[in-house]
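# Coordinate analysis (summary)
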Amino acid sequence: MAESTNDNANGNRDQASSDEAALSARLGSLDHRLSEIRDSRRSKTDQSGNGSGDGAARASAMALGFRLSSELIAGVAVGAAIGWGVDRWLSTSPFGFIVFMLLGFVAGVVNVVRSAGVASRKR
């Protein structure tokens, strides 16, 4: 009876080693396929990004640039509108427009500097 148990144990070991070999082969195949997929994704992102930086960081920088430029343009436009209104109200033709447009430009630059974080907000 001991011999039959010993033969059965050797059979289980052989089956376990063949299962391990099959599992190892499957894992190797999976690793190879995953590395091919990673390489193809890397090449796609390098081609679409032209090899520079992260897309999200670039989009965030563009959003900041648009925000800062719109603040400057809004300051000049509001100043010009107020100046035009003052000129129409007081009949001081170009002087109110020029003065308030310059004030709008200065206000726009101050807003851009504050938004960019260059100037510290000390109180």
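## Concerning the confidence of the model for the protein chain
Model confidence for the protein chain is summarised by a mean pLDDT of 84, while 80% of its residues fall at 70 or above. Within the protein chain, helix 1 (residues 2-49) has the poorest average pLDDT of any element, 79, and helix 3 (residues 93-116) the best, 94.

## Brief notes about the packing of helix 2 (residues 55-90) against helix 3
Taken N-terminus to C-terminus, the directions of helix 2 and helix 3 make an angle of 160 degrees; their axes are 7 Å apart at the nearest point. As the angle between them shows, helix 2 and helix 3 are arranged roughly antiparallel. By crossing handedness, the relation of helix 2 to helix 3 is classed as right-handed. Residue composition of the contact of helix 2 with helix 3, by class: 16 nonpolar, 9 polar and 3 charged.

## Examining helix 2
Working note: α-helix, 3.6 residues per turn, so residues spaced by three or four point in the same direction. Counted at 1.5 Å a residue, the expected span for helix 2 with its 36 residues is 52 Å, and the 52 Å between its end C-alpha atoms agrees. Within the span of helix 2, buried status applies to Leu68, Gly75, Gly79, Ala80, Gly83, Val86 and Asp87. Where the residues of helix 2 are buried, they touch helix 3. Residue Ser91 follows helix 2 closely and has a positive phi angle near 55 degrees.

## Looking at the environment of Arg114
Its location among the elements puts Arg114 in helix 3. What makes Arg114 partly exposed here is its relative accessible area of 45%. The sequence separation of Arg114 and Leu68 amounts to 46 residues, and the corresponding C-alpha distance is 9.8 Å.

## Observations concerning the pattern of salt bridges
Side-chain pairs of opposite charge can arise whenever the charged atoms involved come near each other. Enumeration according to the criterion identifies 2 salt bridges in this entry. Across the pair Arg67 and Glu71 runs a salt bridge whose closest N-O atoms are separated by 3.7 Å. In this pair, Arg67 and Glu71 both sit in helix 2, 4 residues apart, roughly one turn of the helix. We classify Glu71 as partly exposed; its relative accessible area is 22%.

## So, the side chain of Asp87
Inspection of the secondary structure assignment puts Asp87 in helix 2. Buried charge without a salt bridge: Asp87, with Arg88 as the nearest opposite-charge side chain at an N-O distance of 9.2 Å.

Criteria and thresholds
Residues numbered from 1 in each chain as written. Predicted model: local features only at pLDDT ≥ 70, side-chain atom pairs only at ≥ 80, totals over all residues. Heavy atoms only, no water. pLDDT = per-residue confidence, 0-100. Helix = DSSP H or I, 4+ residues; strand = E, 2+ residues; numbered from the N terminus. Axes fitted to C-alpha atoms, helices over the stretch in contact; angles between N-to-C directions. Parallel < 35°, antiparallel > 145°, perpendicular 65-115°, else oblique. Left-handed = near helix turned anticlockwise from the far one by under 90°. Nonpolar A, V, L, I, M, F, W, Y, C, P; charged D, E, K, R; others polar. Expected span 1.5 Å × (residues − 1). Buried < 20%, exposed > 50% of the residue type's maximum accessible area, 1.4 Å probe, protein only. Contact = heavy atoms within 4.5 Å. Salt bridge = Lys/Arg side-chain N within 4 Å of Asp/Glu carboxyl O. Lys, Arg positive; Asp, Glu negative; His and termini not counted.

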